[in-house]
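Residue-level structure breakdown
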2 protein chains.
Amino acid sequence: METEKPLIGIIGGVGPSAGLDFMRYMFANTRAVKDQDHLDSVLISCPALIPDRTEFLLNEGKPGYENPAYGMFECAKRLYRAGARYISVACNTAHADHIFTLFRALVRDSLPGVSIVNMPETCAAYAREIGVTRAGLLATAGTYQSRVYHEYFTAEAGFVLIEPDADIRETIHAAIYSEDFGIKAHSDPVTERAKTILQDAIARLAGQGSQALILGCTELPLAISPSNSPLPLLNPALLTARRLIRLTAPEKLVP
Amino acid sequence: METEKPLIGIIGGVGPSAGLDFMRYMFANTRAVKDQDHLDSVLISCPALIPDRTEFLLNEGKPGYENPAYGMFECAKRLYRAGARYISVACNTAHADHIFTLFRALVRDSLPGVSIVNMPETCAAYAREIGVTRAGLLATAGTYQSRVYHEYFTAEAGFVLIEPDADIRETIHAAIYSEDFGIKAHSDPVTERAKTILQDAIARLAGQGSQALILGCTELPLAISPSNSPLPLLNPALLTARRLIRLTAPEKLVP
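Here is what the cut-offs are and how they apply
Residues numbered from 1 in each chain as written. Chains lettered and ligands numbered in written order. Predicted model: local features only at pLDDT ≥ 70, side-chain atom pairs only at ≥ 80, totals over all residues. Heavy atoms only, no water. Core = buried A, V, L, I, M, F, W, Y, C linked by side-chain atoms within 4.5 Å. Buried < 20%, exposed > 50% of the residue type's maximum accessible area, 1.4 Å probe, protein only. Contact = heavy atoms within 4.5 Å. Least-squares fit on C-alpha atoms with pLDDT ≥ 70 in both. Domains from an automatic or database assignment. Buried area = accessible area lost by both parts, 1.4 Å probe. Salt bridge = Lys/Arg side-chain N within 4 Å of Asp/Glu carboxyl O. Polar contact = N/O pair within 3.5 Å; in protein donor to acceptor, adjacent residues only side chain to side chain. Helix = DSSP H or I, 4+ residues; strand = E, 2+ residues; numbered from the N terminus. Nonpolar A, V, L, I, M, F, W, Y, C, P; charged D, E, K, R; others polar.

Okay, the nonpolar core next. Counting 98 residues, the largest nonpolar core has Ile-11 and Phe-103 of chain A together with Ile-11, Phe-103, Leu-138 and Phe-153 of chain B as its most contacted members. Leave out the neighbours within four places in its chain, and Phe-153 of chain B touches Pro-120, Cys-123, Ala-124, Ala-127, Ala-135, Phe-159, Leu-161 and Ile-214 of chain B. Core analysis: the second largest hydrophobic core is formed by 41 residues, Ala-124, Ile-168, Ala-175 and Leu-215 of chain A among them.

See the structure below:
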């Protein structure tokens, strides 16, 4: 064990595609000319252990709603046993304070030597690095409501986090969740209706003075890319994948 | 530990995309209406531990060419510690006899309770199940040469394994490996040249009496799909993903 390199561990499965996309970002951002150049990593997907994050946040304290942090911790233990020492969770809502603080405490108390690499925190650090202070947030209702990004894009740190109005937030949520036209149900290709909604929301956020857009839901990169966005994009999963490479093998990070 | 459900473990990273595609096949073939319905799984990608399989097979016995089975076994140990009890390797060439037999012996001797689920074996079992006896093989030079599929599609079992002629095998290899037009370098989209080569090869294999096509390289499904193939397709990674679901949660297998 002592001679093993620390692995990067990703808690995926929330939802299943988000973990795969996260791994793909890692591979795409690693300087590699052959298979063997890629970094050591392990992705765990035990979704049955991790109850719906939004449901928990909306019903916290009621019987039957267990904190998803316990299931995330169980996944972290399994990653740890596989050799992971840097761990990220590929879900935005899981980073809500009432979930993530408990998760972090459980890991700190039981898994020595593990660094938790946090998606919204990484995103805020990057925004600061590139001089973005007014960031527009695109997200699901659950992420807006639980203020996941507000915890890191704080006024104290010099940020203005810009949200669209309530009616627009609802249309964004539908563009992600609607069974008829949302990205979760229709991702290949994304429907014109979802695209139009998101482009309208982006135009509003630009009009409110956003300098960049936070893609605060792992489905959004399927519909919004640098080629169709008028503003620079902050993709937290992509930025976190890049940070993990920088932490473990900086010489391999694609510029 | 005793109450934990056995996880499905995938040795990926050989190459990096193959492991992700394998996981995607599992997710796509699981009956799920919410995240929590998906199966417990873990994907490990430690490519630096696993030397190139084709290079080893072509240079076996020479100094400096370690059997990739040892690195695959190291990955299997890590998956085991994470809880995996069904393990597959997402690489066709890794199933060559001189690699896979050693891998299987190492696992059998050290990791009690682990079932290795083998891609070409699963593919042959499925072909038998659907009554295919004459199967055409599309693969890289390494897979043709190391006779990975010949070990399972045997005459004794009633199979005729059909290979294209040597000149066509070379063009197939180029359609996968060429830096100018091959799928490994150009997958999104696949080049017209690679597509034309593969369609020509498929026409030859059909002309030689193939009843179905084995996609014996994990890159091929990017270029060949049911919609552009005149013959039924046997995708070993997809079939193995389905077999893992059948072994662990048969009620969840999408028909």
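A few words now on the relation of the copies chain B and chain A. Relating the two copies of this chain is a rotation about some axis coupled with a shift parallel to it. Take chain B, turn it by 180 degrees, move it 0.0 Å along the axis, and it overlays chain A with an RMSD of 0.0 Å. Such a turn and shift between the copies fits a two-fold axis. Both copies contact each other with a shared surface, as 100% of the interface residues of chain B are interface residues in chain A too.

This part covers the domain arrangement of chain A. Residues and elements named next belong to chain A. Per the domain assignment, the segments making up chain A are domain 1 (7-118 + 238-252) and domain 2 (120-236). Each of domain 1 and domain 2 has a C-alpha centre, and these two points are 21 Å apart. If you look at the interface, domain 1 gives 19 residues, while domain 2 gives 21 residues. With both sides pooled, the region where domain 1 packs onto domain 2 buries about 1700 Å², and carbon together with sulfur makes up 48% of that total. Among the residues of domain 1 in contact with domain 2, Asn-92, Asn-118 and Leu-239 are the three that bury the most area, contributing 39% of the side total. Remark: the boundary between domain 1 and domain 2 carries zero salt bridges. In this structure, the connection of domain 1 to domain 2 is made through 13 residue pairs in polar contact (both at pLDDT 80 or more). Broken down by secondary-structure element, the contributors of at least two residues to the side of domain 1 that touches domain 2 are α1 (16-28), α2 (53-59), α4 (97-110) and α9 (236-248). Examining the composition of the side of domain 1 that touches domain 2, we find that four residues originate from one element, α9, more than from any other. Here the side of domain 1 that touches domain 2 is composed, by residue class, of nine nonpolar, six polar and four charged.

Turning our attention to the environment of Asn-59 of chain A. Residue and element names in this part refer to chain A. Within the fold, Asn-59 resides in helix α2. Overall, Asn-59 belongs to the buried group, its relative accessible area being 12%. In this structure, the C-alpha to C-alpha distance between Asn-59 and His-95, residues 36 residues apart in sequence, is 17 Å. A polar contact of 2.7 Å, which involves the side chain of Asn-59, links it to the backbone oxygen of Glu-55.

We now examine the interface of chain B and chain A. How large an interface is tends to be reported as the accessible area lost when its parts come together. Taken together, the contacts link 34 residues of chain B with 34 residues of chain A. Buried surface at the junction of chain B and chain A, both sides included, amounts to about 2900 Å², of which 51% is carbon and sulfur. For the pair chain B and chain A, the number of links is four salt bridges. For Asp-35 of chain A, the salt bridge identified is with Arg-53 of chain B, shortest N-O distance 3.1 Å.

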